[in-house]
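Structural overview
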Amino acid sequence: MTQTFPVQRTCPFAPPSEYEEMREQAPLVRASLPGGDVWLVTRHAEAKQVLSGTGISTSPESPGHPNWAFRAEQPGPEERAAMRAFAVGHFIDLDPPEHNRFRRLLIPEFTVRRIKELRPGIQRLVDDLIDDMLAKGGEAELVEAFGLALPSLVICQLLGVPYEDHEFFQSRTREAFADLNDRDASRRAMMEIREYLDDLVTKAEADPRDDLIGRVIESGQLTHGELVGVTFLLLVAGHETTANMIPLSVLTLLRHPGQLAALRADPDGWPMAVDELLRYLSIVDWVAFDRVAVEDQEIGGQLVRKGEGIFVLGASANRDERAFERPDEFDAARGARNHVAFGYGVHQCLGQNLARAEMEIALRTLFERLPGLRVTVPDEELPIKRTAPIFGLTALPVTW
Ligand code: HEM
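First, a word on scope: everything that follows refers to the structure included in this document.

Calculation notes
- Residues numbered from 1 in each chain as written.
- Predicted model: local features only at pLDDT ≥ 70, side-chain atom pairs only at ≥ 80, totals over all residues.
- Heavy atoms only, no water.
- Donors = N, O, S within 2.8 Å, 3.2 Å for Na, K, Ca; no water.
- Helix = DSSP H or I, 4+ residues; strand = E, 2+ residues; numbered from the N terminus.
- Axes fitted to C-alpha atoms, helices over the stretch in contact; angles between N-to-C directions.
- Left-handed = near helix turned anticlockwise from the far one by under 90°.
- Contact = heavy atoms within 4.5 Å.
- Nonpolar A, V, L, I, M, F, W, Y, C, P; charged D, E, K, R; others polar.
- Near = heavy atom within 4 Å.
- Polar contact = N/O pair within 3.5 Å; in protein donor to acceptor, adjacent residues only side chain to side chain.
- Phe/Tyr/Trp six-rings, centres within 6.5 Å; stacked < 30°, edge-to-face > 60°.
- Buried < 20%, exposed > 50% of the residue type's maximum accessible area, 1.4 Å probe, protein only.
- Lys NZ or Arg CZ within 6 Å of the ring centre and 35° of its normal.
- Salt bridge = Lys/Arg side-chain N within 4 Å of Asp/Glu carboxyl O.

What follows is about the coordination of the iron atom of the ligand. Its sole protein donor being Cys-349 (SG), the iron atom of the ligand sits 2.3 Å from that atom. Within the secondary structure, Cys-349 is located in the loop between helix H14 (314-317) and helix H15 (352-369).

In structure tokens form, the structure reads like this:
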């Protein structure tokens, strides 16, 4: 039986109900798309196997890559060339050994130690955003006022965007990610950001500072275009993800008042709670997990042939009862570090320590400073992103 794909979510806290049936059916399920069939990986063990496997490629250049399967008409040479030019430096789409050159250079920028140094800056940004909310009165829309604003400001800090440009940068990132289905507006904003980053790198080349961009320039290992691409990738990868996780996490915690009270009483529990939120909400699901087999191989007892496209269903793997007890329960004290919300293998999220720090500081501070925080609309009126590639809420009206 072939599955239709993608399957939409209907509940903010759960993957599509079809995932459970698919997981029961087999670790790999065939899905039909306009441009051809793909494999969907439903279980945790096989998800890890694919994400860490040899004989698997993530590059859209590899024949049979599943991203093209959404279109019945395949892109011609001109479109492919334009996309290739735009993607220079986007190492998330590169296979080893090319991928290693970028990853090795950037790992030192995202170690636990380096992120610890960034924490006071993140705390200041979080406090300023909450001050702004308080100054505006007793109500706020949390996605706009907090969820979207924080990752944008954090990336400004990381890349050394001057303070006077923050507003431009924030408004453009908001526009770029506001509605990924409004492709023209989103593409225009992305091009403006790209031009801005190009300019930022050019200025840094003339006068390098001791920051991420300055250190990469100093290493002499990337071309100008590659470094611009890297800064753009960091923005894209770190923005929508964190921005969607924060409001959805607030909603989840408000739904579990006992667990929230325990976290307030013992803030040391936050790091573990953050990983459980990542597992439970699995907002990235399949969109980053596009792969293609570059040699014949067996996965979960299924022969997958060279050139066959694969999507790993992260949200299904994170609810696999073979890997997690009571997977559909939210348990902030579970210790769910073996989730695949940050992926697995060579492409495992480079910014995961930063993302964890942002989420932890944002959630802890928000619930500390606004102890009466509550949602002002009934559940059925909460707008959820049904079709967006990264799941989340479009708005979360709150009071305190
Ligand atoms: C809650 C927030 C986040 C989530 C859920 C998330 C999720 C992911 C996932 C699933 C991947 C793996 C993609 C793959 O297998 O191809 C990934 C890769 C990546 N992430 Fe994140 N991410 C988050 C935040 C961030 C942040 C804050 C940054 C940096 C500012 C970042 C930078 C990256 C980069 C550069 C990659 C590509 C790594 C590589 O290909 O080597 N992410 N992320």
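Turning next to the packing of helix H5 (residues 112-135) against H15. When two helices pack together, their arrangement is given by the angle between their axes and by how far apart the axes lie. Contact pair H5 / H15: the axes reach a minimum separation of 9 Å and the direction vectors enclose 35°. Pair H5 / H15 crosses with right-handed handedness. Between H5 and H15, the contacting residues are Val-112, Ile-115, Leu-118, Arg-119, Ile-122, Gln-123, Val-126, Asp-127, Ile-130, Asp-131, Met-133 and Leu-134 on the first element and Asn-353, Leu-354, Ala-357, Glu-358, Glu-360, Ile-361, Ala-362, Arg-364, Thr-365, Leu-366 and Arg-369 on the second. For the contact of H5 with H15, the class distribution of residues is 13 nonpolar, 3 polar and 7 charged.

As a structural note, the neighbourhood of the ligand is formed by 27 residues, with His-99, Arg-103, Arg-291, His-347 and Cys-349 the closest of them. The contact in question runs from an oxygen atom of the ligand to an N or O atom on the backbone of Ala-288, over 3.1 Å. Those elements giving two or more residues to the shell around the ligand turn out to be helix H4 (98-106), helix H11 (224-254) and H15. Tallied by class, the residues present in the shell around the ligand amount to 17 nonpolar, 7 polar and 3 charged.

Evaluated as defined, the whole model comprises 12 aromatic pairs. When the ring of Phe-5 is compared with that of Phe-311, the centres are 5.5 Å apart and the planes differ by 35°; the resulting orientation is tilted. Taken together, the residues Phe-5 in the loop between strand S1 (3-4) and helix H1 (18-25) and Phe-311 in strand S9 (residues 309-312) connect sequence positions 306 residues apart. This pair shows no difference in class: Phe-5 is buried, exactly as Phe-311 is. Where Phe-70 meets Phe-311, the ring centres are 5.7 Å apart and the plane angle is 50°; that geometry is what we call tilted. Of this pair, Phe-70 sits in the loop between strand S4 (56-57) and helix H3 (77-86) while Phe-311 sits in strand S9, placing them 241 residues apart in sequence. Given the relative accessible area of 30%, Phe-70 is considered partly exposed. Put simply, the rings of Phe-5, Phe-70, Trp-286 and Phe-311 touch in pairs and so form one group of aromatic residues. Its guanidinium or amino end placed over the ring of Phe-391, Arg-9 lies 4.4 Å from that ring's centre, counting from NZ or CZ.

Mapping Ala-31 onto the fold places it in strand S2 (residues 28-33). Judged by relative accessible area, which is 0%, Ala-31 ranks as buried. Residues Ala-31 and Phe-311, 280 residues apart in the sequence, show an inter-C-alpha distance of 9.6 Å. In contact with Ala-31, not counting residues within four places along its chain, are Gln-3, Phe-5, Gly-36, Asp-37, Val-38 and Leu-40.

Let's shift gears to the pattern of salt bridges. Evaluation of the coordinates by the stated rule reveals 31 salt bridges. The residue Asp-199 makes a salt bridge to Lys-203 at a minimum N-O spacing of 3.3 Å. With Asp-199 and Lys-203 both in helix H9 (residues 183-206) and 4 residues apart, the pair spans about one turn of that helix. Residue Arg-322 is joined to Asp-320 by a salt bridge in which the shortest nitrogen-to-oxygen separation is 2.6 Å. For Arg-322, a relative accessible area of 46% gives the class partly exposed. Taken together, the shared-partner salt bridges connect Arg-23, Glu-24, Asp-320, Glu-321 and Arg-322 into one network.

What is shown is where atoms sit, not what they do.
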